[in-house]
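Examining the three-dimensional arrangement
Residues per chain, in single letters:
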2 protein chains.
Amino acid sequence: MSSSEFDLIARHFARPGTGRSDVVLGIGDDAALLRPPPGMELVAAIDTLVAGVHFPLDTDAESIGHKALAVNLSDLAAMGAAPAWAMLALTLPQVDERWLADFSRGFFALARAHDVALVGGDTTRGPLTISVQVQGFVTPGEAFRRGGARPGDLIYVTGTLGDASLALLLASAPGVVPPEEFAWLRGRLDRPQPRVAEALRLRGWVRAAIDVSDGLLADLGHVLEASEVGATLALDRLPQSPAFRTCLEAMGDAHPILRRFTSGLAWADLALTAGDDYELCFTVDPANAARLNALAADGMVCTCIGVIDATPGLRCRLADGTSYGPQRRGYDHFAGGPA
Amino acid sequence: MSSSEFDLIARHFARPGTGRSDVVLGIGDDAALLRPPPGMELVAAIDTLVAGVHFPLDTDAESIGHKALAVNLSDLAAMGAAPAWAMLALTLPQVDERWLADFSRGFFALARAHDVALVGGDTTRGPLTISVQVQGFVTPGEAFRRGGARPGDLIYVTGTLGDASLALLLASAPGVVPPEEFAWLRGRLDRPQPRVAEALRLRGWVRAAIDVSDGLLADLGHVLEASEVGATLALDRLPQSPAFRTCLEAMGDAHPILRRFTSGLAWADLALTAGDDYELCFTVDPANAARLNALAADGMVCTCIGVIDATPGLRCRLADGTSYGPQRRGYDHFAGGPA
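The full count for this structure, using the stated rule, is 14 aromatic pairs over all chains. Ring centres 6.2 Å apart and planes at 80° place the aromatic pair Phe-13 of chain A and Phe-103 of chain A in the edge-to-face group. Placement of the pair is Phe-13 of chain A in the loop between helix H1 (5-12) and strand E1 (23-25) and Phe-103 of chain A in helix H3 (residues 97-113), with a sequence separation of 90 residues. Per residue, the accessibility class of Phe-13 of chain A equals that of Phe-103 of chain A, and both read buried. Taken together, a centroid distance of 6.4 Å and an interplanar angle of 25° make the contact between Phe-103 of chain B and Phe-107 of chain B stacked.

Further remarks concern the relation of the copies chain A and chain B. Mapping one chain copy onto the other needs a rotation about an axis and a shift along that axis. Take chain A, turn it by 180°, move it 0.0 Å along the axis, and it overlays chain B with an RMSD of 0.0 Å. Here the copies are linked by what is in effect a two-fold axis. The overlap is high: 100% of the interface residues of chain A also sit at the interface in chain B, so the same surface is used on both sides.

This part takes up the sheet that holds strand E6 (residues 129-138) of chain A. Reading across from one edge, E5(A)-E4(A)-E6(A)-E3(A)-E2(B)-E1(B) is the order of the 6 strands in this open sheet, with mixed pairing throughout. Each end of this open sheet is capped by a strand with a single partner; those strands are strand E5 (117-125) of chain A together with strand E1 (23-25) of chain B. Across the sheet, the mean angle from the axis of one strand to that of its neighbour is 20°, orientation sign disregarded. Here strand E3 (residues 41-50) of chain A runs beside E6 of chain A; their pairing, made up of 10 bridges, is antiparallel. Bridging from a neighbouring strand, Val-43 of chain A pairs with Gly-136 of chain A of E6 of chain A.

A word on the pattern of salt bridges. If charged atoms from side chains of opposite charge come close, those side chains can pair. All names here are of chain A. Taken as a whole and assessed by the stated rule, the structure comprises 42 salt bridges over all chains. Across the salt bridge formed by Arg-20 and Asp-22, the nearest N and O atoms sit 2.8 Å from each other. In this structure, the salt-bridge partner of Arg-195 is Glu-279, at a minimum N-O distance of 2.7 Å. Residue Arg-195 is located in the loop between helix H5 (179-190) and helix H6 (196-202), and its partner Glu-279 is located in strand E10 (residues 279-284); the two are separated by 84 residues in the primary sequence.

With that out of the way, let us pick up the environment of Arg-20 of chain B. Residues and elements named next belong to chain B. Inspection of the secondary structure puts Arg-20 in the loop between helix H1 (5-12) and E1. For Arg-20, a relative accessible area of 14% corresponds to the buried category. Apart from residues lying up to four places away in sequence, Arg-20 is in contact with Pro-83, Ala-84, Trp-85, Asp-115, Ala-117 and Phe-137. A polar side-chain atom of Arg-20 sits 2.8 Å from a polar atom in the side chain of Asp-22. Engagement of the side chain of Arg-20 in a polar contact is seen with the backbone oxygen of Asp-115, the distance being 2.7 Å.

What follows covers the pairing of strand E10 (residues 279-284) of chain B. Residue and element names in this part refer to chain B. Among the 6 residues that make up E10, 6 are buried, leaving the element largely enclosed by the rest of the structure. Where burial is concerned, the two faces of E10 agree: the one with Glu-279, Cys-281 and Thr-283 and the one with Leu-280, Phe-282 and Val-284 are both buried. Note that strand E7 (residues 154-158) and E10 share 4 bridges and pair antiparallel. Within the sheet, the bridge partner assigned to Val-157 lies in E10 and is Cys-281.

Residue and element names in this part refer to chain A. Looking at the assigned domains, one finds that chain A contains domain 1 (5-138) and domain 2 (146-317). Inter-centroid distance (C-alpha atoms) of domain 1 to domain 2 is 26 Å. Each partner contributes residues to the interface: domain 1 has 23 residues there, and domain 2 has 19 residues. Taken over both partners, the interface formed by domain 1 and domain 2 buries close to 1,700 Å², and the fraction arising from carbon and sulfur atoms is 57%. Where domain 1 meets domain 2, there are 4 salt bridges. Residue Asp-276 is joined to Lys-67 by a salt bridge in which the shortest nitrogen-to-oxygen separation is 3.6 Å. Remark: the boundary between domain 1 and domain 2 carries 7 residue pairs in polar contact (both at pLDDT 80 or more). Counting residues per element, the side of domain 1 that touches domain 2 draws most heavily on helix H2 (residues 61-78), which supplies 11 residues. Within the side of domain 1 that touches domain 2, the residues separate by chemical class into 11 nonpolar, 7 polar and 5 charged.

So, about the confidence of the model for chain A. A low pLDDT means the predicted coordinates there should not be read in detail. Residues and elements named next belong to chain A. With 93% of its residues at a pLDDT of 70 or more, chain A has an overall mean of 90. Here residues 335-339 is modelled with pLDDT under 50, and outside its nearest four sequence neighbours on either side it reaches 9 contacts, counting other chains as well. Both scores are available for the predicted complex, with the pTM at 0.93 and the ipTM at 0.91.

The next point concerns the interface of chain A and chain B. Taken together, the 66 residues of chain A in the interface contact 66 residues of chain B. Contact between chain A and chain B buries roughly 5,400 Å² in total, counting both sides, with carbon and sulfur atoms accounting for 60%. Counting the contacts that link chain A with chain B gives 6 salt bridges. Where Arg-146 of chain B meets Asp-30 of chain A, a salt bridge forms, and the shortest distance between an N and an O atom there is 3.3 Å. Across the contact surface, chain A and chain B share 14 residue pairs in polar contact (both at pLDDT 80 or more). Along the lines of polarity and charge, the residues of the side of chain A that touches chain B split into 34 nonpolar, 18 polar and 14 charged. Where E3 of chain A lies against strand E2 (residues 32-34) of chain B, 3 bridges are found, and the strand directions are antiparallel. Opposite Val-43 of chain A, over in E2 of chain B, you have Leu-33 of chain B as the bridge partner.

Glancing now at the sheet that holds E10 of chain B. Residue and element names in this part refer to chain B. Taken together, 6 strands build an open sheet; the order of strands is E8-E10-E7-E11-E9-E12 and the sheet is mixed. Two strands lie at the open edges of the sheet, namely strand E8 (208-212) and strand E12 (313-317), each paired on one side alone. Sheet twist, expressed as the mean angle between neighbouring strand axes with direction ignored, is 25°. Bridge analysis of E8 against E10 gives 5 bridges, and the strand direction is antiparallel. Paired with Ala-208 across the strands is Thr-283, a residue of E10. Strand contacts of helix H7 (residues 216-227): E7, E8, strand E9 (230-234), E10, strand E11 (302-309) and E12, with the helix running at about 155° to E8, the strand carrying the most contacts.

This next bit is on helix H8 (residues 242-251) of chain B. Residue and element names in this part refer to chain B. Considered for burial, the residues of H8 that qualify are Ala-243, Phe-244, Cys-247, Leu-248 and Met-251. Looking down the long axis of H8, one finds its buried residues gathered within 125° of arc, a one-sided arrangement. Exposed side of H8, more than 90 degrees from the buried face: Pro-242, Glu-249 and Ala-250 are the residues found there. Elements that come into contact with the buried residues of H8 comprise helix H4 (163-170), helix H5 (179-190), helix H9 (256-259) and helix H10 (266-273). The positive-phi residue at the C-terminal boundary of H8 is Gly-252, with phi of around 80°.

Here is what the cut-offs are and how they apply
- Residues numbered from 1 in each chain as written.
- Chains lettered and ligands numbered in written order.
- Predicted model: local features only at pLDDT ≥ 70, side-chain atom pairs only at ≥ 80, totals over all residues.
- Heavy atoms only, no water.
- Phe/Tyr/Trp six-rings, centres within 6.5 Å; stacked < 30°, edge-to-face > 60°.
- Helix = DSSP H or I, 4+ residues; strand = E, 2+ residues; numbered from the N terminus.
- Buried < 20%, exposed > 50% of the residue type's maximum accessible area, 1.4 Å probe, protein only.
- Least-squares fit on C-alpha atoms with pLDDT ≥ 70 in both.
- Contact = heavy atoms within 4.5 Å.
- Pairing = 2+ DSSP bridges.
- Axes fitted to C-alpha atoms, helices over the stretch in contact; angles between N-to-C directions.
- Salt bridge = Lys/Arg side-chain N within 4 Å of Asp/Glu carboxyl O.
- Polar contact = N/O pair within 3.5 Å; in protein donor to acceptor, adjacent residues only side chain to side chain.
- Domains from an automatic or database assignment.
- Buried area = accessible area lost by both parts, 1.4 Å probe.
- Nonpolar A, V, L, I, M, F, W, Y, C, P; charged D, E, K, R; others polar.
- pLDDT = per-residue confidence, 0-100.
- Arc of directions from axis to C-beta.

So, in structure tokens, the structure goes:
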């Protein structure tokens, strides 16, 4: 049984010393034994990555390991939770020691960075599919929910938008833009940084939050629906990275690669409707704008991009006040991929 | 977005009124909010079913929904835990409303039977793969672990062994045995009954336990390894169902279908090395044998099949005292399937 699933798991995933005292029993039995902190609520999420659907087939295993955990930690961040435990269901077409070593390196590097213990899992043979389940903690009543936005709230987003999807579009023709810019964008696609630290700093005064995984319009749309409100976005405020701007300027809106995705303003459509950014979108009482500014001055990258309205619907305005609507609304696995 | 993943989830999985007061927020946000009972340990497991690997491709969707949850509840039972919450990561090749309706019916019927709330999930497009994560509760220190067996312990198993694997062998040629027997065996393969109630009745006096998913020898082997002990099994005591016996007698050991799997005693090899039974194998202090007998008299189907030894290794004896060893040791996803 030298290459059995049990040996595989032991060799690559059963790392002793998780550093968490709340793990009574980790990998190696029928189930894990965990000790939740008294008086806290558990926050639990599960997300799957499918090869060729959620990451390009040429993605390196270390990035896949990182991303499989990152997209789940992003869900915890969107709830304002402190991460604690992860479980990994890994389906692989064959035993590939090198791939497993790389995958686990990427997974554990991110886990260590966020003090997450891998407490259990399952390894099966089949088409490459990775499901990760994560759990964290919040003080009761303090979780960020989608339904808490109120008219007048300011809408913020962390980081920058559109980078990952531009990398995906450029992956088939990387020579189109300078290699440094492409590499940076590709890093945003392959190694999204879950906004856990940002979420923890925002605890106590976020009214509604979601992570931007399927595109800003789609994800903010969920907040509006759950909160029974509308919103107006100032498109000129959408945060764009220098690499994103440089590449789009070099290509021009009419570039065939961009035309696969958009027939309108490429920068706006990418920022509004393309997925995989894993930034946080959240709303706050306008009375707290000064506190946001203080956080931003202290190094937290977040931008006010609009305001919640009482009128249902989502309106986007360009700098000159004209309205703009992209033809696509966001990523939907069952209605066609992003590229 | 009429057939979007959001609508899919809402229609088939977001059932209001889970009946559990410990679910603060279920499906519909970035993560679930759960309230663990004070002072209890959480027991968490995750298991994946891959089409064509863990169930035959012709398996009906209702059975797949049942089995995806059942194999996970079996892990909780193997720890002595009372089930509470489940999360579902469902990867589907396409939207199939009928399939989803059938799958969710099978899933929720079993969930209701065990008071399990589906609290979250993810639906993605890809090859049919189902990962379910479940959690339950145990009193601290009372979980059944693999490492607790001691020399002299009696080894028990619930239910009967070998039924599911015989059904799998017969699936390609069901006319070989009487249809009623085949249907019963196929039910054991497609709709395993997790031994949750049995596990809860055994709480407090099980020394070591595991569920038989990969074959008795392989799974009991994990207990022996973790406990640093050995065992001797009395093969004539292995519990066989009437359908199992009837079919094997009708076929004879030399039947080509059986010869695909075994070159020895078919009944023993199926009971010892074939997977998918999802029975509990556990050990108890021999001083508790009378309590087991009382439970058995009260309707709990369990059989004493052997004894734990101080000598490492696993020995099997036939009724006449001769030793017997199957050539295969159990199911291993990366070393070849069971048939």
